[in-house]
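So the chains spell out like this:
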Amino acid sequence: MKKMKVRGILIDINYKEGKIFLTIKNESGISTFYDDYYDYFYVEKNDENNAIINKLGMENVLDEVELEGKTFYKIKKVNEENEFYIKYAHNIPAWKKYLIENEITPMNLLELEVENDKILEVKDVGSYIPKLKVISFDIETYAPFIIPRVNKDPIIFASYASRDGEKGVITFKRGNRDFELLVKDEKELIEKLCEKLNEYEVIVGYNSSSFDIPYLMKRAEKLNGKFWLGNEEIEIKKLTTGKIVRTSGIIHFDLFYLIRLLANAQAIKTQRYSLEEIYEEIIGEKKMDLEEEKMCEIYDSDEKRGIYLDYSLSDAIATYKIFEKLYPLIVEICKISKIPLKELNNITSSQLVESLLFEYSYKYKFLIPNRPSEEELLERSEEKVIGAYVKIPEPGIYEKIAVLDFRSLYPSIIVAHNIDPKTLNCGHKECMKNVSPSGSYFCIKNRGIIPITVENLLSLRKKLKEELKKNDDPLIRARVAALKIILNSFYGMFRYVRSRWYSKECAESITTWGRKYILDIAKKAEEKGFKVIYMDTDSTFLTMGNKSKEDVIKFVEEVNKEIPEAMELEIENFYKRGVFVEKKTKEEIGARKKYALIDENGKIKIRGFELVRRDWCKFARDTQLEVLESILKEGSKEKAVEIVRNKIKQLREGKFKKEDLVIYTQLRKGKYKVTSPEFSAYEKARKRGIKIPIGSIIGYVITKNGKSISEKAEIAQFANDFDIEYYINNQVLPAVLKILGAFGYSEEDIKYYGKQTSLGEWENG
DNA sequence: CACTGTGGCCGTGGCC
DNA sequence: GGCCACGGCCAC
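Residues numbered from 1 in each chain as written. Chains lettered and ligands numbered in written order. Predicted model: local features only at pLDDT ≥ 70, side-chain atom pairs only at ≥ 80, totals over all residues. Heavy atoms only, no water.

Caption draft 1: Highlighting the side chain of Asp660. Tracing the chain through its elements places Asp660 in the loop between α18 (637–652) and β23 (663–666). Lys618 provides the closest opposite charge to the buried, salt-bridge-free Asp660, at an N-O distance of 4.4 Å. When sequence neighbours within four positions are dropped, the list of residues in contact with Asp660 reads Cys617, Lys618 and Phe619. (Helix = DSSP H or I, 4+ residues; strand = E, 2+ residues; numbered from the N terminus. Buried < 20%, exposed > 50% of the residue type's maximum accessible area, 1.4 Å probe, protein only. Lys, Arg positive; Asp, Glu negative; His and termini not counted. Salt bridge = Lys/Arg side-chain N within 4 Å of Asp/Glu carboxyl O. Contact = heavy atoms within 4.5 Å.)

Spelled out as structure tokens, the structure:
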């Protein structure tokens, strides 16, 4: 057979018994090539291990490797592994080792030299954004109890959408839409969907691992039909946090997990993870929505069914659009962390960091530490580390505020002080001056692998950010965002009990140094005549008084000359006004983590207030927002009071939407020590025969039926009336009282003072 | 297999 | 009525 060259994008990689399979995509489609490759592990070369190895025979020793001044045998992983060794690099996926050793990156363009299907040579020839054939899909079920019961509730629609304009809804009941695809029954619907999906390279769903695919599989089984994706059996892995669906020959991608990663990294902010809210957040448009309670009714009506079909299609289209918008970011995450697309299902930020550290450790010849044993896990979970400093603010309204921020505080401390488990207390005398306030010192002669990695990422990010200023390219923006997510997770790696790079001393050094640097800023600022009103971790809020912006700029420049090179203090923004409030507890002190600011362009920044929390009803949150806006924009307390009075009037007169009274709370556990409204609502629903999965976000309202709040709580769909007094006294008023209090009203003033004034109406009803 | 960390606010129920 | 544990969500 002749040798030939193949160019294509690496879209997937798998390992199986001595072979690596690379899936390559190019103009002629998708093809898979293999390379002989054995998974391996390292054992240290010493007398004890030599004896064992001699007994077993040398044929499994692939190589000898020098790491951190020691010699290791590289041993082929065979079925009968010897458990007497202390093994290293044994639980790292073989495909990852192959990628790192061959310096190839998922989603990059590869040049292969092959003979038949066998790879002779592989070369990465650079970055590329692959155009994949992608289709999104979604199913709808006929579920009179809202939460679908797989044994009883059929799938009525299956929708799909792709970039090439292919879109449709498969149904066995006519809805008179030109995009509908009529089939005989549910079984045919499932099979038709499979035919469609299997024409593509990537299938995208939203929560499809935990819902759509398992549901489709179970329904197909019940109906004696078929459900298939790709060329091998579909594997469903159950995790504590959900399910993962693994397919071969076709890539299944569940957007939900990426959304969860972005939400955890605070790259996106949404109240719930519903497709509607995510779509609005990411695409910036409202998505069509249908009231859940009415769905069956709409489906049963021949005239209205078309609307439900529209809705079903809009779900598939929304999923596709979100995928497309996030695609550059997805590709960048794959590339930076060397993780193929399908592995992004159920990705966490610690895995991204781990993956990067594998690569850098290999490159710089560091030994990758092993995972902790069960005993170590227990020991580690006992240890405590003090975190960041947060200043208690004086409640009130402030004018002319400058907010200063350390850029990537913890990563820059890691770099500045070379913080790493391997550089910790190195024993060199001259390194002892690099000592943290917690008493640990770090080597100044040899760099640790974590500082090396973080420094590279920081400088890359800085470079890209500068490029971004010149040219607002979505690809660069995605790369900057991906780097930020990863960088913010490094500190956590030192404290994460399952981490290979766990180190209490490193973590402690970072936080103590962090506290020192921020408190130094406070001291210096006060010396310069600024007043420090608030601080949290890496940010400082100053009131400028009669000082100018130039004074602030000069101050920041001076600070930057004094702190280590790797660190930088930045001006986050100037604000013309800001509000801090008292805590709601009895002690009359300012609340931390709660503030509202307005900048010179009128842009408002609000943190911590009830209005940013999903466990407060929208009605109360809207009221609070209006009050804060009026105070920040106009400084008018009279108007703020008027707003509250009107809102309460609206409640009393029934001028509200039911959904604005819904309180959302996640049911994180199946068993609780205390009664809570959300759990009580959940239990009532369960008694009705409705199964709500643990981990769901429950939307409940407070009704008139019952004594305690818990007794009155009902899942929103089942509630017919509302306890308006609860919404006034426990939602609207608590959300605004402390804000009005910042104007000098005492709480009594607001609640009881002036029955003659407009405020009196609150109490008298 | 998965859960990066600590600091902080506050409603609710249940105890006295 | 005061106090505290529980548990959720948010800031960074």
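Caption draft 2: Geometry of the state of the cysteines. Scanning the model with the defined rule gives 0 disulfides in all. With no disulfide of its own, Cys431 has Cys426 as its nearest cysteine by sulfur position, at a separation of 3.6 Å. The thiol of Cys506 is not disulfide-bonded; the next cysteine sulfur, from Cys426, is found 12 Å away. (Disulfide = S-S within 2.5 Å.)

Caption draft 3: Looking closely at the pairing of strand β16 (residues 251–254). What you see with β16 is no split at all: Ile251 and Phe253 on one side and His252 and Asp254 on the other are buried throughout. Summarising the sheet, strand β13 (residues 202–205) and β16 pair through 4 bridges and their orientation is parallel. Bridging from a neighbouring strand, Gly205 pairs with Asp254 of β16. (Pairing = 2+ DSSP bridges.)

Caption draft 4: Inspection of the sheet that holds β16 at higher detail. Ordered by their spatial adjacency, 6 strands build an open sheet running β12-β11-β10-β9-β13-β16, and the pairing between neighbours is mixed. Edge positions in the sheet fall to β12 (180–182) and β16, since each of these pairs with one other strand and no more. Ignoring strand direction, the axes of neighbouring strands in this sheet form an average angle of 25°. Helix α3 (residues 186–197) rests against β9 (134–141), β10 (155–162), β11 (167–171), β12 and β13 of the sheet, and its axis sits at about 15° to β10. Lying over the sheet, helix α5 (residues 255–264) contacts β13 and β16, oriented at roughly 40° with respect to β16. (Axes fitted to C-alpha atoms, helices over the stretch in contact; angles between N-to-C directions.)

Caption draft 5: Seen up close, empty space enclosed by the protein. As enumerated under the stated definition, the model contains 2 cavities of 30 Å³ or more in all. In this structure, the largest cavity occupies an estimated 60 Å³ of space. Residue lining of the largest cavity: Ile244, Val245, Arg246, Thr247, His252, Lys342, Glu343 and Asn345, and that is the complete set. For the lining of the largest cavity, the element with the highest residue contribution is strand β15 (residues 242–246), accounting for 3 residues. Of the residues contributing to the lining of the largest cavity, the split by class is 2 nonpolar, 3 polar and 3 charged. In this structure, the second largest cavity spans a volume of roughly 30 Å³. In terms of lining, the second largest cavity is formed by Val581, Lys584, Lys594, Phe609, Glu610, Gln624, Pro734, Ala735, Val736, Leu737, Lys738 and Ile739. (1 Å grid on protein atoms, 1.4 Å probe; cavity = no way out; pocket = protein on both sides within 12 Å on 5 of 7 lines; lining within 4 Å. Points joined across faces, edges and corners; volume = space filled by probe spheres on them. Nonpolar A, V, L, I, M, F, W, Y, C, P; charged D, E, K, R; others polar.)

Caption draft 6: Inspection of the protein's contact with DNA strand C at higher detail. Taken together, 20 residues are adjacent to DNA strand C, and Asp538, Tyr595, Arg614, Gln666 and Tyr672 come closest. Near the protein, meaning within 4 Å, the atoms of DNA strand C are sugar or phosphate in a fraction of 81%, with bases accounting for the rest. With respect to DNA strand C, the side chain of Lys593 contributes an N or O atom lying 3.0 Å from a base nitrogen. Contact distances for DNA strand C include 3.3 Å between a phosphate oxygen and a side-chain N or O atom of Arg607. (Near = heavy atom within 4 Å. Polar contact = N/O pair within 3.5 Å; in protein donor to acceptor, adjacent residues only side chain to side chain.)

Caption draft 7: Highlighting the sheet that holds strand β24 (residues 697–702). Judged by pairing direction, the sheet is antiparallel, and its 3 strands sit side by side in the order β23-β24-β25 without closing on themselves. Every other strand in the sheet has two partners, leaving β23 and β25 (713–715) as the edge strands with one partner each. The sheet shows a mean angle of 45° between the axes of neighbouring strands, direction not considered. Of the strand pairs in this sheet, β24 and β25 are connected by 3 bridges, and their pairing is antiparallel. Within the sheet, the bridge partner assigned to Ile702 lies in β25 and is Ala713. Together, β23, β24 and β25 form the strand contacts of helix α19 (residues 677–687), whose direction differs from that of β25 by roughly 55°.

Caption draft 8: Looking closely at the pattern of salt bridges. Using the criterion set out here, one finds 55 salt bridges in the structure. Taking the shortest distance from any N to any O, the salt bridge between Lys294 and Glu291 comes out at 3.4 Å. Among the residues examined, Lys294 registers a relative accessible area of 38% and is labelled partly exposed. One salt bridge in this structure joins Lys584 and Glu610, with 2.6 Å as the shortest N-O distance. Here Lys584, found in the loop between β20 (569–580) and β21 (595–599), pairs with Glu610, found in the loop between β22 (604–607) and α17 (618–634); they are 26 residues apart in sequence, far enough to count as distant. Beyond isolated ion pairs, a larger network of salt bridges with shared partners links Asp12, Arg246, Lys342 and Glu343.

Caption draft 9: Unusual backbone geometry, seen in detail. A positive phi angle, near 55°, is found at Asn116, a position not held by glycine. When you line up the elements, Asn116 lands in the loop between β7 (109–115) and β8 (118–124). The exposure class assigned to Asn116 is partly exposed, which follows from its relative accessible area of 48%. At Asn346, a residue that is not glycine, the phi angle is positive and equals roughly 70°. Within the secondary structure, Asn346 sits in the loop between α8 (305–337) and α9 (349–363). When its relative accessible area of 13% is taken as the criterion, Asn346 is described as buried.

Caption draft 10: The arrangement of the packing of α18 against helix α21 (residues 724–741) in detail. With their axes 11 Å apart at the nearest point, α18 and α21 run at an angle of 175° to one another. Viewed along their axes, α18 and α21 adopt a mutual orientation that is roughly antiparallel. Across the interface between the two elements, Ala640, Val641, Val644, Ile648, Leu651 and Arg652 from α18 touch Ile724, Glu725, Tyr727, Ile728, Val732, Leu733, Val736 and Leu740 from α21. A breakdown of the residues in the contact of α18 with α21 according to their chemical character gives 12 nonpolar, no polar and 2 charged. (Parallel < 35°, antiparallel > 145°, perpendicular 65-115°, else oblique.)

Caption draft 11: Spotlight on the protein's contact with DNA strand B. As a matter of local geometry, DNA strand B sits amid 32 residues, with Thr240, Thr241, Arg498, Lys584 and Ser710 nearest to it. Sugar plus phosphate, as a fraction of atoms of DNA strand B within 4 Å of the protein: 80%. In the environment of DNA strand B, a base nitrogen lies 3.0 Å from a nitrogen or oxygen atom belonging to the side chain of Arg371. Gly387 is positioned such that a nitrogen or oxygen atom in its backbone is 2.8 Å from a sugar or linking oxygen of DNA strand B. Put simply, the parts of the chain that give the surface near DNA strand B at least two residues each are α5, α9, α14 (490–495), α20 (709–712) and α21. Among the elements that line the surface near DNA strand B, the one with the most residues is α9, at 3 residues.

Caption draft 12: Here's a closer look at the packing of helix α11 (residues 409–417) against helix α15 (residues 504–527). Between α11 and α15, the shortest axis-to-axis distance is 10 Å and the interhelical angle comes to 105°. For the element pair α11 / α15, the angle class is roughly perpendicular. Residues Leu409, Tyr410, Ile413, Ile414 and His417 of α11 lie in contact with α15, whose contacting residues are Ile510, Thr511, Trp513, Gly514 and Tyr517. Taken together, the residues of the contact of α11 with α15 sort by class into 7 nonpolar, 3 polar and no charged.

Caption draft 13: Up close: the domain arrangement of chain A. Considered domain by domain, chain A is made up of domain 1 (4–126), domain 2 (134–339), domain 3 (352–604) and domain 4 (614–764). Taken over C-alpha atoms, the centre of domain 3 sits 36 Å from the centre of domain 4. Buried surface at the junction of domain 3 and domain 4, summed over both partners, amounts to about 1,100 Å²; 74% is from carbon and sulfur atoms. Remark: the boundary between domain 3 and domain 4 carries 1 salt bridge. Close ionic contact of Glu582 with Lys738 constitutes a salt bridge, the shortest N to O distance being 3.1 Å. Where domain 3 meets domain 4, there are 5 residue pairs in polar contact (both at pLDDT 80 or more). At 4 residues, β20 tops the list of elements feeding residues into the side of domain 3 that touches domain 4. (Domains from an automatic or database assignment. Buried area = accessible area lost by both parts, 1.4 Å probe.)

Caption draft 14: Representation of the nonpolar core within the structure. If you look at the biggest cluster of nonpolar residues, it comprises 133 residues, and the most contacted ones within it are Leu22, Phe253 and Leu326. With 13 residues, the top contributor of residues to this core is α8. When residues no more than four places from it in sequence are discounted, the contact partners of Leu22 are Leu10, Asp12, Ile13, Ser31, Thr32, Phe33, Tyr98, Ile104, Leu110, Leu112, Ile119 and Val122. By size, the runner-up hydrophobic cluster in this structure holds 54 residues, among which are Leu611, Val627, Ile643 and Tyr682. (Core = buried A, V, L, I, M, F, W, Y, C linked by side-chain atoms within 4.5 Å.)

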